[in-house]
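Below, each chain spelled out in residue letters.
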Amino acid sequence: DVAPEMLEQIQSIFENKVNRNRKIAQIYRKIEEGAPLTYDDANTFSQEVGDILASAFKRVFSPTSLPDGKMYYNIADRVVRPMLNGNYDLIAKVAEQTQWSLNRAAGINLGVKRPKVNADRVQGLVDKVSSYDTYENAAWVLDEPVINFSQSVVDEFIKANAEFQYEVGFKPRIT
């Protein structure tokens, strides 16, 4: 069973790259200092984290590292799914801090809505990457679609909080 070892390798590569990323460090510094955040910050964070996750997948998954050169469903389910869910959690925390920062700057004393992870989208990526006969043909699924998934977390946050503010009587504007 290669899944536990692959998950551990990907987590290690991912954490090391996140901890060494200058743009991510700047955003974390802003959060620690209580400096104002924008959704540009959250989007930059999501793109960086998505790029890092995609590159970690590339480093660990290959036709020679996978049984029979194929991404089987059980491997995708036990490695790709938890990494995408973890990616969502990291990005959602920054998006949440961003919305708090924007609310404070606008003088709004209102909570923040945290949308749930798009489980259908995660399932779709797991299904898609495991549907190919060879990993060579499937590898693209863990590249740009992973980055896009990461950026969509911020989009969903913006949408959920604009709707929430509208529902309580505000007139939110997205600029």
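Engineer: Quick rundown of the overall build of the protein chain? Include the residues and the values.
Structural biologist: Tallying secondary structure elements over the protein chain gives seven helices and zero strands in all. Moving toward the C terminus, one meets the helices and strands of the protein chain in the order α-α-α-α-α-α-α. When its C-alpha atoms are laid out on the principal axes, the protein chain stretches across 60 × 35 × 25 Å. In the protein chain, which comprises 175 residues, the proportion classed as buried is 43%. By sequence separation, contacts in the protein chain at least 24 residues apart represent 79% of the contacts at least 6 residues apart. For the protein chain, the computed accessible surface area is about 9600 Å², with 47% contributed by carbon and sulfur atoms.

Engineer: Tell me about the pattern of salt bridges, residues and numbers included.
Structural biologist: In total, this model carries seven salt bridges according to the counting rule given. Close ionic contact of R81 with D77 constitutes a salt bridge, the shortest N to O distance being 2.6 Å. With R81 and D77 both in helix α4 (residues 73–105) and four residues apart, this pair spans about one turn of that helix. Since its relative accessible area comes to 26%, D77 is described here as partly exposed. Several salt bridges share partner residues, and in doing so they unite D89, E96 and R114 into one network.

Engineer: So, the nonpolar core: which residues are in play, and what are the values?
Structural biologist: Counting residues in each nonpolar core, the largest one holds 46 residues, and the members touching the most others are I10, F57, F61, M71 and L142. Broken down by secondary-structure element, the contributors of at least two residues to this core are α1 (3–20), α2 (22–33), α3 (39–60), α4, α5 (119–129), α6 (135–138) and α7 (144–167). Of the residues forming this core, the biggest block, 11 residues, is contributed by α4. Setting aside residues no more than four positions away along its own chain, I10 makes contact with L53, A56, F57, V60, F61, V79 and M83.

Here is what the cut-offs are and how they apply
- Residues numbered from 1 in each chain as written.
- Predicted model: local features only at pLDDT ≥ 70, side-chain atom pairs only at ≥ 80, totals over all residues.
- Heavy atoms only, no water.
- Helix = DSSP H or I, 4+ residues; strand = E, 2+ residues; numbered from the N terminus.
- Buried < 20%, exposed > 50% of the residue type's maximum accessible area, 1.4 Å probe, protein only.
- Contact = heavy atoms within 4.5 Å.
- Areas by Shrake-Rupley, 256 points an atom, 1.4 Å probe, with all protein chains shown as cover.
- Salt bridge = Lys/Arg side-chain N within 4 Å of Asp/Glu carboxyl O.
- Core = buried A, V, L, I, M, F, W, Y, C linked by side-chain atoms within 4.5 Å.

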